[in-house]
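Geometric and topological summary
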Amino acid sequence: MDDATDAVRRFYECAPFPGYPPREDLQALHARAERHAFARLVHHAIPGDARIVEIGCGTGQMCLYLARADRVVVGADLTRASLRLGAAAARRFGLDRVQFVETDLRQPGLKAGSFDVVYSAGVLHHTPNPRESFARLAQLARPGGIIVLGVYNAFARIPLRLRRVVARLSGFRFIPFDPVLRDRQGDPARREAWLRDQYQHPEEHRHTLAEVQAWFAENRVEYLRAYPSAVLGEESGELFAPASDNWRLEGWLAQLSWMRMLGHEGGLFFTVGRRMN
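For clarity, every value in this text was computed on a predicted model and none was experimentally measured. (Residues numbered from 1 in each chain as written. Predicted model: local features only at pLDDT ≥ 70, side-chain atom pairs only at ≥ 80, totals over all residues. Heavy atoms only, no water.)

**Overview of the pattern of salt bridges**
A full pass over the atoms with the stated rule returns 12 salt bridges. Two residues, Asp178 and Arg163, come together in a salt bridge whose shortest N-O distance is 4.0 Å. Separated by 15 residues along the polypeptide, Asp178 in the loop between helix 7 (158-169) and helix 8 (179-183) and Arg163 in helix 7 bring together distant segments of the chain. Comparing Asp178 with Arg163 shows no difference in burial state: the two are buried. Each of the salt bridges in this network shares a partner with another, and the network as a whole consists of Arg157, Arg164, Glu204 and Arg206. (Salt bridge = Lys/Arg side-chain N within 4 Å of Asp/Glu carboxyl O. Helix = DSSP H or I, 4+ residues; strand = E, 2+ residues; numbered from the N terminus. Buried < 20%, exposed > 50% of the residue type's maximum accessible area, 1.4 Å probe, protein only.)

**A short note on helix 6 (residues 130-138)**
Those residues of helix 6 that fall on the buried side of the exposure criterion are Pro130, Ser133, Phe134, Leu137 and Ala138. Looking straight down helix 6, one finds that the buried residues subtend no more than 135° of arc, so they occupy a single side. Where helix 6 is buried, its residues touch strand 1 (51-55), strand 4 (115-121), strand 5 (141-152), helix 10 (209-218), strand 6 (221-227) and strand 7 (268-275). (Arc of directions from axis to C-beta. Contact = heavy atoms within 4.5 Å.)

**With respect to the environment of Gly267**
Summarising the element assignment, Gly267 is placed in the loop between helix 11 (248-262) and strand 7. Residue classification places Gly267 among the buried positions, given a relative accessible area of 1%. Sequence separation of Gly267 and Asp49 is 218 residues, and the distance between their C-alpha atoms is 32 Å. Not counting residues up to four positions away in its chain, the partners in contact with Gly267 are Val151, Tyr152, Asn153, Ala156, Arg157 and Leu262.

**So, the pairing of strand 7**
Where strand 5 meets strand 7, seven bridges bridge the pair, whose relative direction is antiparallel. In the strand pairing of strand 7, Gly150 is matched with Phe270. Pairing of strand 6 with strand 7 involves six bridges; the strand directions are antiparallel. Looking across to strand 7, one finds that Tyr227 is bridged to Phe270. (Pairing = 2+ DSSP bridges.)

**So, the sheet that holds strand 5**
The strands making up a sheet associate through backbone hydrogen bonding, with each pair oriented either parallel or antiparallel. Taken in spatial order, the seven strands make up an open sheet running 3-2-1-4-5-7-6, and their pairing is mixed. A strand with exactly one partner marks an edge of an open sheet, and here the two such strands are strand 3 (98-102) and strand 6. Recorded for the sheet is a direction-independent mean angle of 20° between the axes of neighbouring strands. For strand 1 and strand 4, the ladder comprises three bridges, and the chain directions are parallel. Note that in strand 4 the partner of Ile52 across the bridge is Val117. (Axes fitted to C-alpha atoms, helices over the stretch in contact; angles between N-to-C directions.)

**A word on the pairing of strand 1**
Among the five residues that make up strand 1, four are buried, leaving the element largely enclosed by the rest of the structure. Relative to strand 2 (residues 72-77), strand 1 is paired through five bridges, and the arrangement is parallel. Paired with Glu54 across the bridge in strand 2 is Gly75. You can see the chain leave strand 1, run along helix 4 (residues 61-66) and come back into strand 2, and the turn it takes is right-handed. (Right-handed = clockwise from strand over helix to strand, strands pointing away.)

In short, shape yes, function no, at least from these values alone.
Here it is in structure tokens:
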């Protein structure tokens, strides 16, 4: 493990992210996840018998949300403290088709071509070389399998970066206009986890849609669509279906609009692709 990766591991050992609200049950976790339109789209798009891996699962909340029907879900992360929380929650909720494994994406210890869906959100932009990390991640999908990748957008991240300047100048005593911190006032542990993850992380990169599409092309992954949609005026619809077009200029204009749509929660956007044969 290189120094940068170890710094990220130690960072999350101190404050696993995201945390679980006190006394939350499975029904409450589902309800909390389904307040986010994207989580609902992912769940409805994945077949009931799929093999899913989440790379960089953190405390495993998405794994537990997707563990429905006959799906088999593997959550992989390099932080043992996060995995313990996820495994404890799975036992508490009675979910026996979820497995958590400690692994480094550089040497994932997972069989290539084994998964119908490879999901990774908010992870690759914290690795030393996101492009190389994506190449390793893509190998885990079977031919025809789906890859769902969430990274910080270079445009949508601008509002949070401005808030981070204010936060650092004030010694993190004042952080303006952050709705997540405001919503978590009554939950100090989860508030602290968000503060550390968004404002104090030791490794962060930001990416454009065109950059991620280039990663897809380099690794024989067919680009399907972005979320939010990069087609102006188009609803996201079926998440694993191709967008109506892929006009580069329209994509840039859409990303500018993401500053308003996504900037209030950190600027994470998703790109969906299908691994080619």
